[in-house]
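# What the coordinates show
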Amino acid sequence: MRPLKEIFHEADYPDLLVGLEVADDAAVYRINDDVAVIQTTDFFTPIVDDPYAYGAIAAANAMSDVYAMGGQVVLALNIAAFPADMDEAIIRAILRGGAEKVKEAGGVIAGGHTIDDEEPKYGLAVMGIVHPDRIATKGGARPGDVLLLTKPLGVGIITTAFKADAADPAHVEVATQSMMQLNKRAAEAMQGGEFHAATDITGFSLLGHAYEMAEKSGARLRFRFDDLPFHPGAKEYAELLLFPGGANRNKAAYEQHVHFAPYLEYEMQLLLFTPETSGGLLIAMPPGEVEGFLARCAERGQKAWLVGDVVEGAGIEVL
Amino acid sequence: MSVQVDARGFSCPQPVILTRKALEKGQFPIEVLVETVTSRENVRRVAEKAGCRVSVEEVGNEFKLIITKE
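Residues numbered from 1 in each chain as written. Chains lettered and ligands numbered in written order. Predicted model: local features only at pLDDT ≥ 70, side-chain atom pairs only at ≥ 80, totals over all residues.

Let's shift gears to the domain arrangement of chain A. Quoted interface sizes are often the accessible area lost when the parts come together. Residues and elements named next belong to chain A. On domain assignment, one finds that chain A holds domain 1 (2–133) and domain 2 (136–318). Relative placement of domain 1 and domain 2: their C-alpha centres are 22 Å apart. Counting residues at the interface gives 21 residues for domain 1, matched by 24 residues for domain 2. Looking at the side of domain 1 that touches domain 2, the elements that each hand over two or more residues are α2 (51–68) and α3 (88–105). The element best represented in the side of domain 1 that touches domain 2 is α2, accounting for 10 residues. Class assignment of the residues belonging to the side of domain 1 that touches domain 2 gives a composition of 13 nonpolar, 3 polar and 5 charged. (Domains from an automatic or database assignment. Contact = placed C-beta atoms within 7 Å. Helix = DSSP H or I, 4+ residues; strand = E, 2+ residues; numbered from the N terminus. Nonpolar A, V, L, I, M, F, W, Y, C, P; charged D, E, K, R; others polar.)

And the structure:
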């Protein structure tokens, strides 16, 4: 992002509330005192075999950044690349998966752009809205807060095991459903009460994204390993060392900031560095808010887990 | 005669899977060639968890893991 900061100076754009100086899940721009727009984009290559599910996952993942900022989805555009000789029916299934997911989110896809490319790619450019006083950034966590997570972990290692023909189809199905699930209800439950910070768990893994929150908040995040939820199969595939290369890249990037309790074995440590796709929200809120938040989640059929807390200091601790 | 597993050019988790297949055959020693530190560590863990001894030689930019069973 450095070239952007050389060309655009934050002081010249007072209505850019989130973006240049402190990067977050998405950019936020104030339109007036009541409305700010959230702008984000994401796309990737296929991660599951079923084209409809791929489209839905790519869309849910792209929209997740809007929810991570506490917003609602309004408008989206398709971004796609397909091989010239790709089966039309497959392309239609991918685009339908994405479109139905945006409809479920309450938004609309109003167009998009597709180019020819050897490897398929699909995702969205998304616009959302949020009240300027209700933006959920990564930087607001305070000592005393508790941490909640709204999806189990492990889709990254399960999809890697699947690509290696080593996964139980039932595990892949659960992971696929999880990736397709919108973070909409989690964001709504969060907006129903007080919160201090939020982010979504994706490619940089739980610990990478948690570290960003810790760093931007000037506090230390503490997780209890036994309280972390995992999809069925995730720990099993970790024991078999079926990690994607990204797990070690994340470990190399973040391990200097993470302190593990000595009894946590190597495989479980690496599992927490394993990239996730379309993961849940990690939310920091005052402890008094938890009961209300969990009640609002339950009303919406949204699960959430209390996974840790925020203390004075810096970095991450896993106990 | 050792069993050769050439996992160069494969990214994780393929080296792990190739090593596991060799371990299942039960013929030792097994020599595994990998290119990255990540693969070296993951292959080492897999072999050690299977109750094997592992020694590592660094050959240029590659690693040769020699897996033996007592």
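Glancing now at the packing of helix α1 (residues 14–25) of chain B against helix α2 (residues 37–49) of chain B. Residue and element names in this part refer to chain B. Interhelical geometry of α1 versus α2 gives an angle of 30 degrees and a closest axis separation of 9 Å. One element, α1, and the other, α2, form an angle in the roughly parallel class. In this structure, α1 crosses over α2, and the sense of that crossing is right-handed. Between α1, through Pro-15, Val-16, Thr-19, Arg-20 and Leu-23, and α2, the contact on the second element is made entirely by Ser-39, Asn-42, Val-43, Val-46 and Ala-47. By residue class, the composition of the contact of α1 with α2 is 6 nonpolar, 3 polar and 1 charged. (Axes fitted to C-alpha atoms, helices over the stretch in contact; angles between N-to-C directions. Parallel < 35°, antiparallel > 145°, perpendicular 65-115°, else oblique. Left-handed = near helix turned anticlockwise from the far one by under 90°.)

Another aspect to go through is the packing of α2 of chain A against α3 of chain A. Residues and elements named next belong to chain A. Where α2 meets α3, the closest approach of the two axes is 7 Å, and the angle between their N-to-C directions is 40 degrees. As far as their axial angle goes, α3 and α2 are oblique. For the pair α2 and α3, the crossing hand works out as right-handed. Across the interface between the two elements, Pro-51, Tyr-52, Ala-53, Tyr-54, Gly-55, Ala-56, Ala-58, Ala-59, Ala-60 and Met-63 from α2 touch Ile-90, Ala-93, Ile-94, Leu-95, Arg-96, Gly-97, Gly-98, Glu-100, Lys-101, Val-102 and Ala-105 from α3.

Quick look at the environment of Trp-305 of chain A now. All names here are of chain A. For Trp-305, the position within the fold is in strand β12 (residues 305–311). Since 17 C-beta atoms lie within 10 Å of it, Trp-305 is described here as partly exposed. The spacing of Trp-305 and Pro-152 is 153 residues in sequence and 8.5 Å in space, taken between C-alpha atoms. If sequence neighbours within four positions are ignored, Trp-305 has contacts with Leu-148, Leu-149, Asp-227 and Pro-229. (Buried ≥ 20, exposed ≤ 12 C-beta atoms within 10 Å, placed from the backbone.)

Glancing now at unusual backbone geometry. Of note, the amide linkage connecting Cys-12 of chain B to Pro-13 of chain B takes the cis form, showing an omega dihedral of 10 degrees. Counting through the fold element by element, Pro-13 of chain B comes out in the loop between β1 (3–6) and α1. Geometrically, the link from Phe-28 of chain B to Pro-29 of chain B is a cis peptide bond, its omega value of -5 degrees lying close to zero. Note that Pro-29 of chain B resides in the loop between α1 and β2 (30–34). Positive phi, close to 60 degrees, is recorded for Asp-165 of chain A, a residue that is not glycine. Within the secondary structure, Asp-165 of chain A sits in the loop between α4 (155–163) and α5 (169–180). For Asp-165 of chain A, a count of 7 C-beta atoms within 10 Å gives the class exposed. Of note in the backbone geometry, Leu-241 of chain A takes a positive phi value of approximately 65 degrees without being a glycine.

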